[in-house]
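Topology and contacts: notes
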Amino acid sequence: MSAPGDARPIGIFDSGIGGLSVWREIAARLPAESCVYVADQAHVPYGPRPAQEILTLSLRVVRFLMAARCKLIVVACNSASAAALQHLRRAWPDVPFVGMEPAIKPAAAQSRRRVAGVLATPATLAGELYRGTVARHARDMRIVAQGCPGLVDAIERCMPDAALTALLEGFVEPMRDADADVLVMACTHYPLVKHLIAPLCGPGMALIDPAPAVARQTARLLEAHGLAAPPDAVPTHRFHTTLPAPAALEQPARHWLGDGVRATSLGRDLNSA
Ligand code: DGL
């Protein structure tokens, strides 16, 4: 007889491959859990889109994840969390949702010089979630925020390191000039290029990736709702893209995570969801 528990998968989604930075933490922390990952690459980037459009796109993906019997949803996208999280929670009150909140709270706890840099998307910076987090935790701080145009696309397209570094330098330089001592990565794509961001930070500037905290919160919610998988479960991880070619997800996943992710295309299914 197998151990008690809920073997249904965790649903995770993002506009593209960025949410894989969250998935890898969840998979490492919760090795018995199965996951269904959706990269809505037909619509990446979400960041420059109006909130209403991001909400419509997020609803389509979450309907699919619900049809796939997901027991908990991780919105592994700051832009979708800003535009849609509250609505999603209201639409599915019985399902726990974990969202991405810009890591301003840990930044404020850590900063001595009281200056923080925030790398984000325009949708995240425009959202109430970001404004509220700053108001709650960082009133006494100077925040240098960048909407980072082109960065998500560059990561999706596996831009060569030298060109990416040049792009990143333009975003990080004002943070160095402001003498920031913490840098918040408030888009799940950015930790995938952490190794290129870190050398630009200069001494004394700490980089904050919220993914480990999101994995811990996922674990807490699974426990609290009695949804954890049986400890002896053999997990499956399924990856979907909304583009016609699975390579759209597989290739950048291999490039940035070195992971042999096998993907399937979901275009039709999702459109009919
Ligand atoms: N990775 C996403 C985020 O955290 C999406 C970025 C985008 O599609 O613009 O915001």
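This text follows the structure it describes.
Here's a quick rundown of the structure.

What to know about the site of the ligand
The local shell around the ligand holds 14 residues, among which Ser15, Tyr46, Gly47, Asn78 and Ser79 are the closest. A distance of 2.6 Å separates an oxygen atom of the ligand from a polar side-chain atom of Ser15. Within the contact set of the ligand, an oxygen atom lies 2.7 Å away from a backbone nitrogen or oxygen of Tyr46. When the ligand is considered free in solution it has 290 Å² of accessible area, and contact with the protein chains removes 99% of it. The residue inventory of the shell around the ligand, partitioned by class, reads six nonpolar, seven polar and one charged.

Quick look at the packing of helix H8 (residues 161–177) against helix H9 (residues 194–201)
The angle between the axes and the distance between the axes are what describe a pair of packed helices. In the contact formed by H8 and H9, the axes pass within 9 Å of each other and the chain directions differ by 45 degrees. Put simply, H8 runs oblique to H9. Where H8 crosses over H9, the two elements pack in a sense that is right-handed. Together, Asp161, Leu164, Thr165, Leu168, Glu169, Val172 and Arg176 of H8 and Leu196, Ile197, Leu200 and Cys201 of H9 make up the contact between the two elements. In terms of residue class, the contact of H8 with H9 is built from seven nonpolar, one polar and three charged.

Details of H9
Those residues of H9 lying buried are Leu196, Ile197, Leu200 and Cys201. Down the axis of H9, the sector holding all buried residues measures 140 degrees, keeping them to one side. On its buried face, H9 is in contact with strand E5 (115–119), H8, strand E7 (182–185) and strand E8 (206–208). Trailing H9 by a residue or two, Gly202 shows a phi angle of about 80 degrees, which is positive.

Comments concerning the nonpolar core
In this structure, Val74, Leu164, Tyr190 and Ile197 are the most contacted members of the largest nonpolar core, which totals 59 residues. Looking at which element gives the most residues to this core, the answer is helix H10 (residues 211–224), with six residues. Ignoring any residue separated from it by four or fewer positions in sequence, one finds Tyr190 in contact with Leu119, Ala120, Thr121, Gly147, Cys148, Leu151, Val152, Ile155, Met185 and Ile197.

Some remarks on the pairing of strand E2 (residues 35–39)
E2 sits mainly inside the fold: five of its five residues count as buried. Relative to E2, strand E1 (residues 10–14) runs parallel, the two being bridged by five bridges. Bridge pairing in E2 places Phe13 opposite Val38. Following the backbone out of E1, through helix H1 (residues 20–29) and into the adjacent parallel E2, one traces a crossover that is right-handed. Pairing of E2 with strand E9 (residues 237–241) involves five bridges; the strand directions are parallel. Note that in E9 the partner of Ala39 across the bridge is Thr241.

Thoughts on the packing of aromatic side chains
Within the structure shown, the criterion is met by three aromatic pairs. Measuring from centroid to centroid gives 5.0 Å for Trp23 and Phe239, while their planes differ by 85 degrees, and the two rings are edge-to-face. Within this pair, whereas Trp23 is found in helix H1, its partner Phe239 is found in strand E9, the two being separated by 216 residues in sequence. Pair check on accessibility: Trp23 and Phe239 agree, each one buried. Consider the rings of Tyr37 and Phe239, whose centres lie 6.1 Å apart with planes at 45 degrees: the pair is tilted. Pair noted here: Tyr37 is in strand E2 and Phe239 is in strand E9, with a separation of 202 residues, a long-range link. Residue class for Tyr37 comes out buried when judged on its relative accessible area of 0%. For Phe239, a relative accessible area of 7% puts it in the buried group. Taken together, the ring pairs in this structure connect Trp23, Tyr37 and Phe239 into an aromatic cluster.

Rules and cut-offs
- Residues numbered from 1 in each chain as written.
- Predicted model: local features only at pLDDT ≥ 70, side-chain atom pairs only at ≥ 80, totals over all residues.
- Heavy atoms only, no water.
- Near = heavy atom within 4 Å.
- Polar contact = N/O pair within 3.5 Å; in protein donor to acceptor, adjacent residues only side chain to side chain.
- Areas by Shrake-Rupley, 256 points an atom, 1.4 Å probe, with all protein chains shown as cover.
- Nonpolar A, V, L, I, M, F, W, Y, C, P; charged D, E, K, R; others polar.
- Axes fitted to C-alpha atoms, helices over the stretch in contact; angles between N-to-C directions.
- Helix = DSSP H or I, 4+ residues; strand = E, 2+ residues; numbered from the N terminus.
- Parallel < 35°, antiparallel > 145°, perpendicular 65-115°, else oblique.
- Left-handed = near helix turned anticlockwise from the far one by under 90°.
- Contact = heavy atoms within 4.5 Å.
- Buried < 20%, exposed > 50% of the residue type's maximum accessible area, 1.4 Å probe, protein only.
- Arc of directions from axis to C-beta.
- Core = buried A, V, L, I, M, F, W, Y, C linked by side-chain atoms within 4.5 Å.
- Pairing = 2+ DSSP bridges.
- Right-handed = clockwise from strand over helix to strand, strands pointing away.
- Phe/Tyr/Trp six-rings, centres within 6.5 Å; stacked < 30°, edge-to-face > 60°.

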